[in-house]
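Chain residues, written in single-letter form:
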Amino acid sequence: MDNTLVKEIKTSIKDLLARKGRSFLTILGIIIGVAGVIIIISLGSGAQSLVLGQITKLGSNLVGVLPGKSSENGPPTAVFGVQIKTLKLSDVEAIKNKGKVPNATAVAAFVNGSATIIAGKESVDTSFTATDGSYVRVQNIEMTKGTFFSDEEANSGANVIVLGYDVATALFPNGGEIGSVVKIKVPNNNPMSSNEVSNSIPLRVIGVQKKMGTVAFQNQDDQVFIPFLIGQRQILGIDYVQAIRIKIDDPNNVKNAIADITRVLREQHRIHNIENDDFYVRDLADAIKLLTGITDNLRIFLGLMAAISLVVGGIGIMNIMLVNVSERTSEIGLRKAIGATRKNIRNQFLAATVSIVVGIVFGLYPALKAAKLDPIVALRYE
Amino acid sequence: MLIELKNIVKNYVNGDVVTRVLRDVDLSVDEGEFVAIMGPSGSGKSTLMHTIGFLDRPTSGTYLFDGENTQSFTDDELARIRNKRIGFVFQSFNLLPRTSVLDNVMLPLLYSGDKSGYESRAKKALESVGLGERIHFMSNQISGGQKQRVAIARALVCDPKVIFADEPTGNLDSKSGATVMHILEELNKEGRTIILVTHDKQVALHANRIVTIRDGKIVEDRLVPNSERVHSKEIKEEEE
């Protein structure tokens, strides 16, 4: 390398070090701007991939049916806390009919609620899902002990229960869950309960779910499963279904299946005009589209904010640089007087800029690396 | 003849107003001379020095330096002359702040293209002005007289033929000023040409020739008889 160039870079670094405070401010402005852009954008995409990852964990060939009409991409009506009673068990049976929905491999209806489970002195507040045996196939549930209940047990209202992993360890710290009897108790102020509700039902533990961790932002280990009829009639005291989930044989058949299910439900509800639909059918692709739409907008907005801060930082730097140049006018004059050419002076300021940029790049590399980390991987790193 | 100016004119144009700073200046300086350019402020003496020192180009006229016509020289060629054949000493020292004495003196070598001996040459120049001990001081940690001596060392480091000194004692007390003038005299004795700009008669009398300029014209050009010449002795500074 040219000796003069090396000297120029050395001089510029010495210069920058001689004006530590100002160089620091110069770099700080741009670093805050750039880091803001990078962190916000990667945060956005990190959140998006986290959401998508959680959703795809559920399986991409799932179709959900919820009561109430909803616009094409709007949120489900149930989100607004409205209880809609249009889905019945007969609808589930109709969807299960192979001749009508040939691609459905498993159909599970369920209702949800919260309850307290008591075993001896131990008790746990948790949420329950009342469903039938198909739920295992629909949600890919795996057991660590015992078995899930069958369709017969579910529909006859057998007094059995399957515990989530955390619930099992909390109630039975010393093991011995299988065969034990627990009580499920519904709080009296449960808004969903009506008069015929029994307050406490004894259930025999027949299985414990394998440790699942968090899927779709719910701790899958903090829940219990009970037969459909017990949850629907005895605990909640309702006669409708809150949701149906259907597993389709192949992701490519999802669209066909949605059309079949929609037709079956319209027949069931005697609906002739699409406008009057009192249910809606969605697959995960819809949910993903909805979520990415939201996060994309969020990202654009945040990116815009960060870009503005970058511009502000840039203006700050320009201001500092202009002050720098005017302050050093006499120094430039002196350097020219003792033999510096235009090129020498230009290189001197260029070298200063390069040094700043190098500083930013080397400072940013670790920042970028950190920002790129997959949140899940980062959380598991020890 | 080292320096030969013929009909040098310098005008500054500011909008419609033309200020004629140098009007038809003729001046020749031989190698080894010690010339003082005198004149009141605004007389054009600094502009004349800047023109002779290639810091500024004349509006018209001919300037032969060492026999070469400098009119056609490019900016880079002029920068090279300023670097190799001319040394400048300014009234306000113009040292780089927050930079060591040694680095200040090495600065011209940085632009000289020479590949080696930077440090030893800079040290030698500093020793010749009596500052061999202070090379690692920061330029703002030394006294005014020492600063001007550093500036002289910087002017000397590329071994130039001519040294231009623009009011070199203007910002100094009489003792430091005497030391600086003594160094310039010594340099002249070694055979270097010195061109000194001043408005102080006592300082000008160190030279062997005084050129007086007024309103952009040379009004007097005389040799200084030995009986009139002033000589300064180096006055050792008392160490604090």
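Please read these numbers as outputs of a predicted model, since none were measured by experiment. Position numbers for residues start from 1 in each chain and track the written sequence from start to end. Note on labels: chains are lettered from A, ligands numbered from 1, in written order. Thresholds applied to this predicted model are a pLDDT of at least 70 for local features of residues and 80 or more for the giving and counting of side-chain atom pairs; totals over whole chains, interfaces and linings are not thresholded and use all residues.

A. Broad picture of the overall build of chain B. Broken down by element type, chain B carries 7 helices and 10 strands. Within chain B, buried positions represent 47% of all 240 residues. In this description, a residue-residue contact is defined by the distance between C-beta atoms placed from the backbone, which must lie within 7 Å. Taking as baseline every contact in chain B between residues at least 6 positions apart, the subset at least 24 positions apart corresponds to 72%. Note on conventions: DSSP H or I runs of at least 4 residues are helices, E runs of at least 2 residues are strands, and numbering of each starts at the N terminus. Labels follow a simple rule on C-beta atoms placed from the backbone: if 20 or more others lie within 10 Å of a residue's own, it is buried; if 12 or fewer, it is exposed; otherwise it is partly exposed.

B. The arrangement of the confidence of the model for chain A in detail. Each residue gets a pLDDT score, which is the predictor's confidence in that residue and runs from 0 to 100. When the pLDDT values of chain A are averaged, the result is 78; 84% of them are 70 or greater. Contacts of residues 193-197 of chain A to residues separated by more than four positions or lying in other chains number 9 contacts, the stretch itself having pLDDT below 50.

C. Structural view of the nonpolar core. Nonpolar core, as used here: buried Ala, Val, Leu, Ile, Met, Phe, Trp, Tyr and Cys residues forming one set through C-beta atoms within 7 Å. The biggest cluster of nonpolar side chains holds 77 residues, and the ones touching the most others in it are Ile37, Val105, Ala153 and Ile195 of chain B. Here this core takes 7 residues from helix α3 (residues 101-110) of chain B, the largest share from any one element. In this view, alanine 153 of chain B contacts Val105, Ala125, Leu126, Ser128, Val129 and Leu131 of chain B; residues no more than four positions away in its chain are not counted. Counting 62 residues, the second-largest nonpolar core is a separate cluster that includes Val124, Leu171, Leu203 and Ile235 of chain A.

D. Focus on helix α1 (residues 45-52) of chain B. Residue and element names in this part refer to chain B. With 8 of its 8 residues buried, α1 lies for the most part within the structure. Within α1, the full set of buried residues consists of Lys45, Ser46, Thr47, Leu48, Met49, His50, Thr51 and Ile52. In this structure, the buried residues of α1 make contact with β1 (3-14), β2 (17-29), β3 (34-38), β7 (162-166), β8 (193-198) and β9 (209-214). In the stretch just after α1, phenylalanine 54 is the one whose phi turns positive, near 65°.

E. Focus on the sheet that holds strand β6 (residues 86-89) of chain B. Residues and elements named next belong to chain B. Here we have 6 strands laid out as an open sheet, ordered β6-β7-β8-β3-β9-β10, and mixed in their pairing. Where the open sheet ends on each side, the last strands, each with one partner, are β6 and β10 (217-223). Taking the axes of each pair of neighbouring strands and ignoring which way they run, one obtains an average angle of 15° across the sheet. Strand pairing is defined by DSSP finding a minimum of two bridges between the two strands. As paired strands, β3 and β9 are joined by 4 bridges and run parallel to one another. Looking across to β9, one finds that methionine 38 is bridged to threonine 212. Here an axis means a line fitted to C-alpha atoms, over the contact stretch when the element is a helix, while the angle between two N-to-C directions is reported on a 0 to 180 degree scale. Sheet strands touched by helix α6 (residues 174-189): β3, β7 and β8. Its angle to β8, the strand with the most contacts, is close to 150°.

F. Geometry of the pairing of β9 of chain B. Residues and elements named next belong to chain B. For β9 and β10, the ladder comprises 6 bridges, and the chain directions are antiparallel. Bridge assignment links isoleucine 213 to a residue of β10, and that residue is isoleucine 218. Where β9 folds back onto β10 in an antiparallel hairpin, the turn is made up of 2 residues, including aspartate 215, whose phi is positive at roughly 50°.

G. Up close: the packing of helix α3 (residues 89-96) of chain A against helix α8 (residues 254-269) of chain A. Residues and elements named next belong to chain A. The interhelical angle for the contact between α3 and α8, taken along N-to-C directions, is 135°, at an axis separation of 10 Å. Compared by their axis directions, α3 and α8 come out oblique. Regarding α3 and α8, the two cross each other, and that crossing is right-handed. Of the residues in α8, those in contact with Ser90, Asp91, Ala94 and Ile95 of α3 are Ile261, Val264, Leu265 and Gln268. Here is the rule for angles: anything less than 35 degrees is roughly parallel, anything more than 145 is roughly antiparallel, 65 through 115 is roughly perpendicular, and the remaining ranges are oblique. Definitions for this section: a left-handed crossing has its near helix turned counterclockwise from the far helix by less than a right angle. A right-handed crossing has that turn clockwise.

H. Representation of the sheet that holds β2 of chain B within the structure. All names here are of chain B. Strands sit in the order β2-β1-β4-β5 across an open sheet of 4 strands; the sheet is antiparallel. Looking at which strands have only one partner, the edges of the open sheet turn out to be β2 and β5 (68-69). Pairing analysis gives 5 bridges linking β1 to strand β4 (residues 60-65), with the strands arranged antiparallel. Among the inter-strand pairings, glutamate 4 is bridged to a residue of β4, identified as leucine 64.

I. Representation of the environment of valine 224 of chain B in the model. Turning to its location among the elements, valine 224 of chain B is positioned in the segment after β10. Among residues more than four places away in sequence, those in contact with valine 224 of chain B are Leu205, Ala207, Asn208, Arg209, Ile210 and Arg229 of chain B.

J. Representation of unusual backbone geometry in the model. Residue and element names in this part refer to chain B. Phi is positive for arginine 98, which is not a glycine, with a value near 55°. You can see arginine 98 is positioned in the loop between β6 and α3. Phi is positive for aspartate 215, which is not a glycine, with a value near 50°. Tracing the backbone through its elements, the reader meets aspartate 215 in the loop between β9 and β10. The partly exposed category is assigned to aspartate 215, around which 14 C-beta atoms lie within 10 Å.

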